[in-house]
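Okay, here's what each chain looks like letter by letter:
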Amino acid sequence: MPSVVAPVTNGTTKPYKVLVVGGSYAGLTSALILLDLCHGRSPRLVPTETPVSTQQIPVEVTIVDERDGFFHLIGTPVALASEEAAPKFWKKFSDIPALKTAPGLRCVHGSVESIDCGRKAAKIVKHGSVKSYEETYDFLVVASGLRRVWPTVPQSRTEKEYLKEALDHIKLVESADKGVVVVGGGAVGIEMAAEIKEHFPTLDVKLIHSRGRLLSAEDLPDDFAEAAATLLGEVGVDVVLGQRVTKTRELAPTLQELTLSNGKTLQASIVISAISRITSTSSFLPGSALDKEGYVKVSSNMNLLPEIPNHTHHYAAGDIVRWSGIKRAGAAMHMGQMAARNIHQRMLNDLGLLRAGKEMKFTELTPVPPMMGLSVGHLGACYSPDEGTKSGEDIRKLFFGDDMGFSICWNYMRLGEEFGL
Ligand SMILES: Cc1cc2nc3c(=O)[nH]c(=O)nc-3n(C[C@H](O)[C@H](O)[C@H](O)COP(=O)(O)OP(=O)(O)OC[C@H]3O[C@@H](n4cnc5c(N)ncnc54)[C@H](O)[C@@H]3O)c2cc1C
C-alpha cells in the first residue's frame, strides 16, 4: 500500500499526532478507529464496510486517562455487589490486546490539566507526579466524560485501588443485617438496589425516591417507569415513592436512622446515595468551548465550534458533549467513531489523498431521542420511541448478556483482538 507522511511547516515530515483525553467508550473507539482508517482498513465497528481509502497515513495516537485501565462503567452496580464480577470490569490498558498491538498507540496514565487550542498543546500531569509536562498535537479528541460521586462510580485511579474499593464496599453491604436503603430512583439507584438484593437475597433493600414515579429526571414515558417499579418488586426491592429523606442520623457505626418527609422514620445498616451529582470534566478546556453546565459545545460533525482557535482540529465525543438524548455508552462509541472518521477525512484532504474530484465527506450526528436499557437484577426493561417499552428476563439478556454488557462492549470495540498488520 502506498504510504505518505504529513507535511509540517518546519519543512520536515512526521506522523500526525492525535491526543485523546479519556480512554473509555468514546476515547477508545475514536483512537482505534482512527488507527484502522489510517491503516487503510474498515472501521472496527463496521467491519463489512469498504475502506474509505487504502492509503496508509502515519499517525501517533496518545490516550491520556486518569485511570490505569478501561473501566466498564455500566457494570458498576454489579461490580459493587459481586466479589466475583468486580475484577472483570477493570482492564489495565497495558493488558488490552488491541491497545498493546496497535502501531503508534501510546497510553499515558495521567490527567489533562489544560488545553491551549491556539497552540494545539496540552498540559498533562502523570499519575503520581505533581509536575505537568506539555504535549503538542495536530488533532485533539476530548472524551473525558462526566465526574460522578461515590458510590455511583468507583473513584480509584488504579486497578489495585479499585479492587480494594469495590471489595470493601461489598463487605459492608454483606454485613448490613439491618438492611440497605438506596436513595434516588434514577437508573443508577434502580440498578444498584436490584443488584444488592439479587446478590444478598436475605437483606432488606429499600429504594426511596422523592417523586411520585421512578426515573423522574429522564424524558421517558410513564409505562417505562412503571415497568421498572414492577421489576424491582419482582426482584424483592421495596420501593418507596414520593418521600424525601429529610434527615439521616447515625445511631451506631452500622445503624442509620432516616426521617422521611411524611415524618416516618426507618432504620438501616447502610444508606447509599444514588442521587445524581454529576459534573463535567471539561475544566481543562477554554470556557468559550463550554455551555453553562460545562458540556462541550460541538457541531454535528463533533468539531468544537468555530469561535475556538483551530476548531477543525478539535473534537469531542461521549458524555461530555452537549447533545440531545440520555447519556449512554452506545452513543459515546458512536460519537467516538464519528470523530475518528471526520479526522481521517481532514487528514486525507490535508495530504491531497482524496479521490480526484472528491471533497471531504463528514459524518454528521443527528438528534438522539431518549432511549434506555435498564438492568433490574436478572430482569430488564428497555424503551425506544420506535419499539416502546419492553421488559422481562429476555430483555436483560439482550441488552446486558451475562456480564452487564461487558462482553458486548469489549467485543464491539474488538479490544480483545490484536491489531495485526
Ligand atoms: C452506574 C451507571 C450505569 C450505567 N448504565 C448504562 C447502561 O446500562 N447503558 C448505557 O448505554 N450507558 C450506561 N451508563 C452511562 C455510560 O456509562 C456513559 O454514557 C459512558 O460511560 C460514557 O462514556 P464516555 O467514554 O463518554 O465517558 P466515561 O466512560 O465517563 O470515560 C471518561 C474517561 O475519561 C477519563 N478522564 C476524565 N477526566 C480526565 C482528564 N482530565 N484527563 C484524563 N482522563 C480523564 C476518566 O478516567 C474516564 O476513563 C451508566 C452509567 C453509570 C454511572
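Positions within a chain are numbered from 1, following the residues in the order the chain's sequence is written. Note on the predicted model: pLDDT of at least 70 is required for a residue's local features to be given, and 80 or more for side-chain atom pairs to be given and counted; whole-chain, interface and lining totals, by contrast, use all residues. Hydrogen atoms and water are omitted, and side-chain values are computed over all heavy atoms in the structure.

- As annotated in an unreviewed UniProt entry, the protein is Pyridine nucleotide-disulfide oxidoreductase AMID-like protein from Ascodesmis nigricans.

### Description of helix 8 (residues 393–400)
Logical step 1: Exposure classes here rest on a 1.4 Å probe applied to the protein chains alone. A residue is buried below 20% of its type maximum, exposed above 50%, and partly exposed in between. Secondary structure elements are defined from DSSP: runs of H or I of at least 4 residues count as helices, runs of E of at least 2 residues count as strands, and each element is numbered from the N terminus. Among the residues of helix 8, Ile395, Arg396 and Phe400 are the ones counted as buried. All buried residues of helix 8 lie within an arc of 100° about the axis, which places them on one face of the element. Exposed residues lying more than 90 degrees from the buried face of helix 8 are Asp394 and Leu398.
Logical step 2: Residue contacts are counted whenever heavy atoms from the two residues lie within 4.5 Å of one another. Along its buried surface, helix 8 packs onto helix 5 (187–199), strand 21 (372–376), strand 22 (379–384), strand 23 (388–392) and helix 9 (406–412).
Logical step 3: Looking one or two residues past helix 8, Gly401 carries a phi angle of roughly 60°, positive in sign. When we speak of the arc, we mean the arc of directions from the helix axis to the C-beta atoms.

### Quick look at the pairing of strand 8 (residues 121–126)
Every regular strand shows the same layout, with side chains that alternate between the two sheet faces.
Logical step 1: Summarising the sheet, strand 7 (residues 105–116) and strand 8 pair through six bridges and their orientation is antiparallel. The partner of Val112 across the bridge, within strand 8, is Ile124.
Logical step 2: Connecting strand 7 to the antiparallel partner strand 8 that follows it, the hairpin turn spans four residues, and Lys120 within it adopts a positive phi of roughly 50°.
Logical step 3: Bridge count for strand 8 against strand 9 (residues 132–136) is five bridges, and the pairing is antiparallel. In the sheet register, Val125 faces strand 9, and the bridge partner there is Ser132. We call two strands paired when DSSP finds no fewer than two bridges between them.

### With respect to the site of the ligand
Logical step 1: Lining the immediate surroundings of the ligand are 35 residues, of which Ser24, Ala26, Asp65, Asp319 and Ala329 lie closest.
Logical step 2: Note that an oxygen atom of the ligand is positioned 2.7 Å from one of the side-chain N or O atoms of Ser24.
Logical step 3: Side-chain atoms alone can form a polar contact between residues adjacent in sequence; in general such a contact is a pair of N or O atoms within 3.5 Å, and within protein one must be able to donate a hydrogen while the other accepts it. Take Arg328: an N or O atom from its main chain is 3.3 Å from an oxygen atom of the ligand.
Logical step 4: When the free accessible area of the ligand is taken as 1,000 Å², the share hidden by the protein chains comes to 92%.
Logical step 5: Looking at the shell around the ligand, the elements with two or more residues in it are helix 1 (25–38), strand 4 (59–65), strand 7, strand 11 (146–148), helix 5 and helix 7 (329–350).
Logical step 6: Its residues assigned to classes, the shell around the ligand shows 15 nonpolar, 11 polar and nine charged.
Logical step 7: Counting only domains with at least three residues in the shell around the ligand, you end up with domain 1 (6–149 + 277–368) and domain 2 (171–275 + 372–400). Here a residue is near a molecule or strand as soon as one of its heavy atoms is found within 4 Å of it. The accessible surface values rely on the Shrake-Rupley method and a 1.4 Å probe; as for residues, cover is taken only from the protein chains in view. Just so you know the grouping, Ala, Val, Leu, Ile, Met, Phe, Trp, Tyr, Cys and Pro go in nonpolar, Asp, Glu, Lys and Arg go in charged, and all remaining residues, Gly too, go in polar. Residue ranges assigned to each domain were obtained from an automatic or database domain assignment.

### Focus on the side chain of Ser269
Logical step 1: Assignment of secondary structure puts Ser269 in the loop between strand 17 (265–268) and strand 18 (270–273).
Logical step 2: Take Ser269: its relative accessible area is 6%, and that puts it in the buried class.
Logical step 3: Reaching out from Ser269, the side chain makes a polar contact with the backbone nitrogen of Asp177 at a distance of 3.5 Å.
Logical step 4: Excluding anything up to four places from it in sequence, Ser269 contacts Ala176, Asp177, Lys178, Gly179, Thr254, Leu255 and Gln256.

### What to know about the packing of helix 1 against helix 7
Logical step 1: Across the interface, helix 1 lies against helix 7 with an axial gap of 7 Å and an inter-helix angle of 35°. By crossing handedness, the relation of helix 1 to helix 7 is classed as right-handed. Residues Tyr25, Ala26, Thr29, Ser30, Ile33, Leu34, Leu37 and Cys38 of helix 1 touch helix 7, and the partners they reach there are Ala329, Ala332, Met333, Gly336, Gln337, Ala340, Arg341, Ile343, His344 and Met347. Fitting a line to C-alpha atoms yields each axis, with helices limited to the stretch in contact; the angle taken between N-to-C directions then spans 0 to 180 degrees. In this scheme the crossing of two helices becomes right-handed for a clockwise turn of the near helix relative to the far one and left-handed for an anticlockwise turn of less than a right angle.

### Thoughts on the side chain of Lys197
Logical step 1: Summarising the element assignment, Lys197 is placed in helix 5.
Logical step 2: In this charge count, Lys and Arg are treated as positive and Asp and Glu as negative; neither His nor the chain ends contribute. By definition here, a salt bridge exists when the distance from a side-chain nitrogen of Lys or Arg to a carboxyl oxygen of Asp or Glu is within 4 Å. Notably, Lys197 is buried but unbridged: the nearest opposite-charge side chain belongs to Asp204, and the N-O separation is 6.0 Å.
Logical step 3: Looking at Lys197, its side chain comes within polar contact range of the main-chain oxygen of Pro201, at 2.8 Å.
Logical step 4: With sequence-adjacent residues up to four places away left out, Lys197 is seen in contact with Thr202, Leu203, Val205, Val235, Gly236 and Val237.

### Brief notes about unusual backbone geometry
Of all residues except glycine, most have a negative phi; of all peptide bonds, most are trans.
Logical step 1: With an omega of 0°, the peptide bond between Trp150 and Pro151 qualifies as cis.
Logical step 2: By the element assignment, Pro151 lies in the loop between strand 11 and helix 4 (159–174).
Logical step 3: At Met302, a residue that is not glycine, the phi angle is positive and equals roughly 75°.
Logical step 4: Given a relative accessible area of 0%, Met302 falls into the buried group.
Logical step 5: In this structure, Arg414 is a non-glycine residue whose phi angle is positive, near 55°.
Logical step 6: Note that Arg414 resides in the segment after helix 9.
Logical step 7: By relative accessible area, Arg414 is classed as partly exposed at 26%.

### Section: the UniProt feature "domain: FAD/NAD(P)-binding" (unreviewed entry) in the protein
Logical step 1: In the numbering adopted here, UniProt assigns the feature "domain: FAD/NAD(P)-binding" (unreviewed entry) to residues 16–336.
Logical step 2: In this annotation, residues 16–336 is assigned 23% helix and 28% strand; the end-to-end C-alpha distance for the span is 18 Å. UniProt positions are given in the numbering used here, feature names are shortened, and annotations may be inferred rather than shown by experiment.

### Side note on the sheet that holds strand 21
Logical step 1: The antiparallel open sheet is built from three strands, whose spatial order is 21-22-23. Of all the strands in the sheet, the pair left with one neighbour each is strand 21 and strand 23. Adjacent strand axes in the sheet meet at a mean angle of 10°, parallel and antiparallel pairs treated alike.
Logical step 2: Across five bridges, the pairing between strand 21 and strand 22 is antiparallel. When the bridges of strand 22 are listed, Ser375 appears paired with Gly380.

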